Amino acid sequence: MNAVIWWIRRDLRLGDNQALAGALGQGGPVIPLFILDPALLASPYISETRLGFLSAGLRALDEALRRRGSALVVRRGDPLEVLRELRAETGMGDIFAEADVSPYARARDERVGRALPLRLTAGLAAQPISAVRKSDGEPYTVFTPFSRAWLSLPAPGQPLPAPDRLPAFTSRPLPSLPAAELPGLPFTGQAAGLFPPGEEAARQRLSAFLDSAIYRYHEERNRMDLESTSGLSPYLRFGMLSARQATWAAREAINRAPDPAAQQGAATWLNELIWREFYLSILYHFPHVRRMAFRPALRSVRWRNNPAHFAAWCEGRTGYPVVDAAMRQLNQTGWMHNRARMITASFLTKDLLIDWRWGERYFMRRLLDGDPASNNGGWQWTAGTGTDAAPYFRIFHPVLQGLKFDPQGVYVRRWLPELAGVPGEFIHEPWKMTAEIQGRSGCVLGRDYPMPIVDHAEARQAALEAYKG
DNA sequence: TGAAATGTTGGGGCG
DNA sequence: ACGCCCCAACATTTC
């Protein structure tokens, strides 16, 4: 019996894995394979931290496989060459993999599929990407009708259980890269504490979220000072949790919610998962969004692109506490609250008039959950350049956003220790402190914390002008 | 999944 | 009792 290959890409899980199920359905040995693709490792969107998370996730997957009589094979090289070699070693069986939507992934899979028997399966999204279309067959470009159509489709089936055993290939030893040669920074420190890699950690995190926070999600999800979000994005990014597992859990939570407010909480979380599927669909149908604004009229915005401003934004020293706290959170942990992503993105594109693609790339280089579809969609939404985007005049006020979504300044103080002693009434606008209060609070502006690098009111006017042009 | 500017309404002070 | 003004609170429009 031919051995088949389960080609793992961003589906680092044994549970609810349709590619793995397809491979097992052949009845013969299954070889779990991960390929380190030099072309991907050289991408400007790569993150050392995310690579570390991936590598740690591969080690966790290998351990889970070994408990089931199998083992992960990791090889480095051009995917087509690696697959050819491995098939020659193992009997020329089919290759099963979860389909992806990014332009690079699709080109790669087309190239492989022309030369080898590649069988792509669904699983990246809970509803197959191209199943959600308008009645005339065209893709949606506005979220609300997309979500209505998504919800009206037959609910995705129950998630598949993880297999108890994987039939191993035993005819000959299969060389694999040693764990020590996996790429990325060692995954340790704050990020590892917050996001332990692997399928089991994802399951625990989902279960904790379902216990209570999901029912308050509607009211609390925007609060940056609370742990009110699921924190599942890094796991969804690498498929340590499947979209179907997540949406299934959301629907179950809706059904057993104790009261209407709780039901609304779970429904709002499901809606966020649908946003993820919306942007997967956008990238699939409109791959050019990866390089430019979706809307042609907004491809000629005259960005100012001041490098000093960009550096201040990256390093979290703009002088606006909410913006700076958010960027420090990103730099230190590889994750940022969604509300904070919108605030920082609005600040970069509107207050600093810096090309959204600079911000998109920086986020990709820092985020554990950095996903080309969601990240691009989010940036284009805030910049007002995308499908169903915020209108250009929707400009976030960094102080008001702070007052609304971090009312006591707890989030700001957590990430900006230099503001720890600043009185509550000044925490989102420390430049209003008198010299005396600055001295008393141990936070002298210009010494301990910067003055704002731009005046928001002026910057807002300038942005309106620039976008109008 | 904004915020500012402008418009409307109604209560209360006051001559 | 009445008209006038002020202004807060809310609604609508505009960017």
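Residues numbered from 1 in each chain as written. Chains lettered and ligands numbered in written order. Predicted model: local features only at pLDDT ≥ 70, side-chain atom pairs only at ≥ 80, totals over all residues.

### Quick notes on the sheet that holds strand S2 (residues 30-36)
What the five strands build is an open sheet, ordered S3-S2-S1-S4-S5; its pairing is parallel. In this open sheet, the two strands that pair with only one neighbour each are strand S3 (73-76) and strand S5 (118-121). On average, each strand axis in the sheet is tilted by 30° relative to the strand beside it, whichever way the strands run. Most of the contacts of helix H4 (residues 79-90) go to S2, to which it runs at about 155°, and overall it touches strand S1 (4-8), S2, S3 and strand S4 (95-98). (Pairing = 2+ DSSP bridges. Helix = DSSP H or I, 4+ residues; strand = E, 2+ residues; numbered from the N terminus. Axes fitted to C-alpha atoms, helices over the stretch in contact; angles between N-to-C directions. Contact = placed C-beta atoms within 7 Å.)

### What about the protein's contact with DNA strand B?
As a structural note, the neighbourhood of DNA strand B is formed by Trp-275, Met-342, Ala-390, Phe-393, Arg-394, Ile-395, Phe-396, His-397, Leu-400 and Gln-401. Grouping the constituent residues of the surface near DNA strand B by class yields seven nonpolar, two polar and one charged. (Near = placed C-beta within 6 Å. Nonpolar A, V, L, I, M, F, W, Y, C, P; charged D, E, K, R; others polar.)

### Considering the nonpolar core
Membership of the largest hydrophobic core comes to 127 residues, with the highest contact counts inside it found for Ile-5, Trp-6, Ile-31, Leu-33, Phe-96, Leu-280 and Ala-326. Apart from the residues within four sequence positions on either side, Leu-280 is in contact with Val-101, Leu-124, Ala-125, Ile-129 and Ala-373. (Core = buried A, V, L, I, M, F, W, Y, C linked by C-beta atoms within 7 Å. Buried ≥ 20, exposed ≤ 12 C-beta atoms within 10 Å, placed from the backbone.)

### Section: the packing of helix H14 (residues 338-351) against helix H16 (residues 372-383)
Two numbers describe how H14 lies on H16: the axes approach to 9 Å, and their chain directions differ by 55°. One finds that H14 runs oblique with respect to H16. When you trace H14 past H16, the crossing you get is right-handed. When H14 is examined against H16, the residues Arg-341, Met-342, Ala-345, Ser-346 and Thr-349 are found in contact with a partner set consisting of Gly-378, Trp-379, Thr-382 and Ala-383. The residue makeup of the contact of H14 with H16, split by class, is four nonpolar, four polar and one charged. (Parallel < 35°, antiparallel > 145°, perpendicular 65-115°, else oblique. Left-handed = near helix turned anticlockwise from the far one by under 90°.)

### Examining the pairing of S4
Residues Ile-95 and Ala-97 point to one face of S4 and Phe-96 and Glu-98 to the other, with burial holding for every one of them. Here three bridges tie S1 to S4, and the two strands are oriented parallel to one another. Paired with Ile-5 across the two strands is Ile-95, which belongs to S4. Pairing between S4 and S5: four bridges, direction parallel. Note on S5: the bridge partner recorded for Ile-95 is Leu-118. Crossover S4 to S5 through helix H5 (residues 103-115) is right-handed. (Right-handed = clockwise from strand over helix to strand, strands pointing away.)

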